[in-house]
Amino acid sequence: MKKVLLVTAITALCSHSVQAEVNISGFASVMGGKLTSGTGVPEFGLGPTFLANYPTVGVYEDEWTFKPDSKFGLQMTADLTEGLTATVQLVGRGADDFEAGFEWAYLSYELNEHWTIQAGKKRLPLYYYSDFFDVSYAYLWVRPAADNYTWQIFNYTGVNAQFNYQLGEWSMSGNMYTGREDDGENKLLSEFFGSQPVREIWKDIVGGVLSFNREWLDVRLTYMTYLNERYRNGVQVTWDGKDTRRGKFAGLSANIDYNNWLLLSEVNRLTLDGGDFDTYLLSAGYRIKQWTPYISLADFDSEGEKHSTISAGVRWDFHSSAAFKFQFDDVSDDGINGGQVAGDSNAVTLGIDLVF
Amino acid sequence: MNWFKAITLTTAITASSAMAEVAVIVHPSNAATVDQAEITRLFTGRGTAFSNGSKATPLNLAESAAARGEFDSKVLSKSSSQMKAYWSKLVFTGKGTPPKELSSDAEMKAAVAADATAIGYIDATAVDGTVKVLAKF
């Protein structure tokens, strides 16, 4: 009976897919850069390094490189009609030698005009820019400040319910999600913060995002809790004798886009093992026709790990689907007691972001 | 003499682009009323219904159409590249789908005249009896 059902279901899906309208869209960034100076961390034997992207270990060194921030993405959405869609997003990043993988793969079902249910693999919507981190065309800078976007896990597989309501002059939207991520060999923990393979598991993930938008103001609240489990070289890591530890993440973001002024901000706290990991980002830009010069300050502060970045740059919308960006970053690594990450560094990055 | 021609031409171009009006149009049977804030909501994916509760299907003009830039800047108060950045964020995070695009005023009129839920816009000079004008900008 089950087989028959399955076959019927597959046949139904197949006959549907013949008629399904498939939309293809994509994005790409080609960014090159290099260090202009850097201290590295002599006690770790690390040479001058600008860690531009923590989770994918995107690093700039003394020589020009195009790898850390270059990427391409291809999204295909099949409209199965009656509110049902299937979406996959293939992303290849220079930091991974452009080996493309499915970054997103989910089914989406529109329940009514307010609610949509999704199931599958998505990006964790922790920080403001987390879920569209790869789509650089959609934001001002070359990349959201590395000091904020430091966490090793950025995807999850599970269920997501999102909503959209109008409250007078305010648009309210948000989502609630639950799921897990099991990263067999986590890049950041295995390659950068260590030399042994680390399997990183975030399970019992439960989180939510609530956004309020009105004309030029955008306010976003985010919360997420998870259980961390870790294996180093196949051996389970314990914390105070326990196999798991709970992390709690909360953040607030406020963005203003008024009369060509852009003011972007977010402040976040992750509590893990009784320690607080605080991050904030402040950025300002001014739009002059196609040009938007900007500055930003980002900071990470915990007991041992402390670093900040001051950035200045310009975005030039020279084409209706592409932007040129040039950015200078000045990183200060004030880590203590072995909490240094990559040392102080200055770097330049420039290139093009596009969408299609 | 040449500089005089240039100035006359520039003035003419400036005047004509400043005068190009965009008409927001719906199906003749549509009884809804809209203001600029509501049009913005519908064209930014923040709402899917008219204020009287009936379903709304926003239709956009392609970037190559003159009225598109006028609509983006006058009604949505954004440049076309700002709108593209806005939609990229929603499209690649599964939070929204931009309105379907039509390539000309004529196609837009035909699409709106054929769909009771549609809301679109065209150059005001292209309006005829097949569609109903809700607002002009």
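Our subject is the structure listed above.
Note that the structure is predicted; figures quoted are calculated from it, not measured.

### Observations concerning the overall build of chain B
Looking only at helices and strands, one finds five helices and five strands in chain B. When its helices and strands are written in sequence order, chain B yields α-β-α-β-α-α-β-α-β-β. In chain B, buried positions account for 31% of the 137 residues. Once local pairs closer than 6 in sequence are excluded, the contacts in chain B between residues at least 24 apart make up 66%.

### Observations concerning the interface of chain B and chain A
Taken together, the contact pairs 17 residues of chain B with 23 residues of chain A. Of the residues belonging to the side of chain B that touches chain A, the class tally is four nonpolar, seven polar and six charged.

### Side note on the environment of serine 29 of chain A
Residues and elements named next belong to chain A. With respect to the helices, strands and loops of the structure, serine 29 is situated in strand β1 (residues 21-38). Distance from serine 29 to valine 57, taken between C-alpha atoms, is 17 Å for residues 28 residues apart in sequence. Here serine 29 is in contact with Asp69, Ser70, Lys71, Ser136, Gly351 and Asp353, once residues within four sequence places are set aside.

### Side note on the environment of asparagine 23 of chain A
Locating asparagine 23 of chain A in the fold gives a position in strand β1. Along the chain, asparagine 23 of chain A and tyrosine 280 of chain A lie 257 residues apart, while their C-alpha atoms are 37 Å from each other.

### Here we look at the sheet that holds strand β1 (residues 22-26) of chain B
All names here are of chain B. One open sheet holds the five strands; their spatial order is β3-β2-β4-β1-β5, and the pairing between them is mixed. At either margin of the open sheet sits one strand with a lone partner, and together these are β3 (100-102) and β5 (132-136). The sheet shows a mean angle of 35° between the axes of neighbouring strands, direction not considered. In this structure, strand β2 (residues 57-61) lies alongside strand β4 (residues 118-123), joined through two bridges in parallel fashion. The partner of proline 58 across the bridge, within β4, is isoleucine 119. Helix α3 (residues 66-74) rests against β1, β2 and β4 of the sheet, and its axis sits at about 110° to β4.

### Description of the nonpolar core
Counting residues in hydrophobic clusters, the biggest one holds 52 residues, and the most contacted among them are Phe50, Leu51 and Tyr137 of chain A. With residues up to four places along the chain from it excluded, the contact list for phenylalanine 50 of chain A reads Leu35, Gly38, Val59, Tyr60, Asp329, Val331, Ala342, Ser345 and Ala347 of chain A. Grouped together as the second largest cluster of nonpolar side chains are 21 residues, Val22, Ala23, Ile39 and Ala118 of chain B included.

### Section: helix α2 (residues 36-43) of chain B
Among the residues making up α2 of chain B, those that are buried are Glu38, Ile39, Arg41 and Phe43 of chain B. After α2 of chain B finishes, the residue glycine 45 of chain B shows a positive phi value of roughly 75°.

### Comments concerning unusual backbone geometry
Residues and elements named next belong to chain A. A positive phi is found at aspartate 97, a non-glycine position, where the angle reads about 55°. Along the polypeptide, aspartate 97 turns up in the loop between β5 (84-93) and β6 (101-110). Overall, the presence of 8 C-beta atoms within 10 Å leaves aspartate 97 in the exposed class. Phi at aspartate 273 takes a positive value of approximately 60°, unusual for a residue other than glycine. Relative to the helices and strands, aspartate 273 resides in the loop between β14 (261-272) and β15 (275-286).

### A short note on the pairing of strand β4 (residues 71-79) of chain A
Residues and elements named next belong to chain A. Of the pairings in the sheet, the one linking β1 to β4 comprises nine bridges and is antiparallel in character. Following the sheet pairing, alanine 28 is matched in β4 by phenylalanine 72. Of the pairings in the sheet, the one linking β4 to β5 comprises nine bridges and is antiparallel in character. Residue pairing for β5: aspartate 79 is matched across the bridge by threonine 85. Connecting β4 to the next strand, β5, in antiparallel fashion are four residues, including threonine 81 with a positive phi near 65°.

Conventions used here
Residue positions are counted from 1 within each chain, in the order its sequence is given. Chains and ligands are labelled sequentially in the order written, the chains with letters from A and the ligands with numbers from 1. Two thresholds apply to this predicted model, a pLDDT of at least 70 for residue-level local features and 80 or more for giving and counting side-chain atom pairs, whereas whole-chain, interface and lining totals are computed over all residues. Helix and strand assignments follow DSSP, with helices taken as H or I runs no shorter than four residues and strands as E runs no shorter than two, numbered in order from the N terminus. Exposed residues have 12 or fewer other C-beta atoms within 10 Å of their own C-beta, buried residues have 20 or more, and partly exposed residues fall in between, where C-beta atoms are placed from the backbone. Note on contacts: each residue gets a C-beta atom placed from the backbone, and two residues are in contact if those atoms are within 7 Å. For this scheme, ten residues count as nonpolar: Ala, Val, Leu, Ile, Met, Phe, Trp, Tyr, Cys and Pro. Four count as charged, namely Asp, Glu, Lys and Arg, and the remainder, Gly too, count as polar. Only strands joined by at least two bridges in the DSSP assignment are considered to pair. Axis definition: a line fit to C-alpha positions, over the contact stretch in the case of helices; interaxial angles, taken between N-to-C directions, run 0 to 180 degrees. In these notes, a nonpolar core means any group of buried Ala, Val, Leu, Ile, Met, Phe, Trp, Tyr and Cys residues linked to one another through C-beta atoms within 7 Å.

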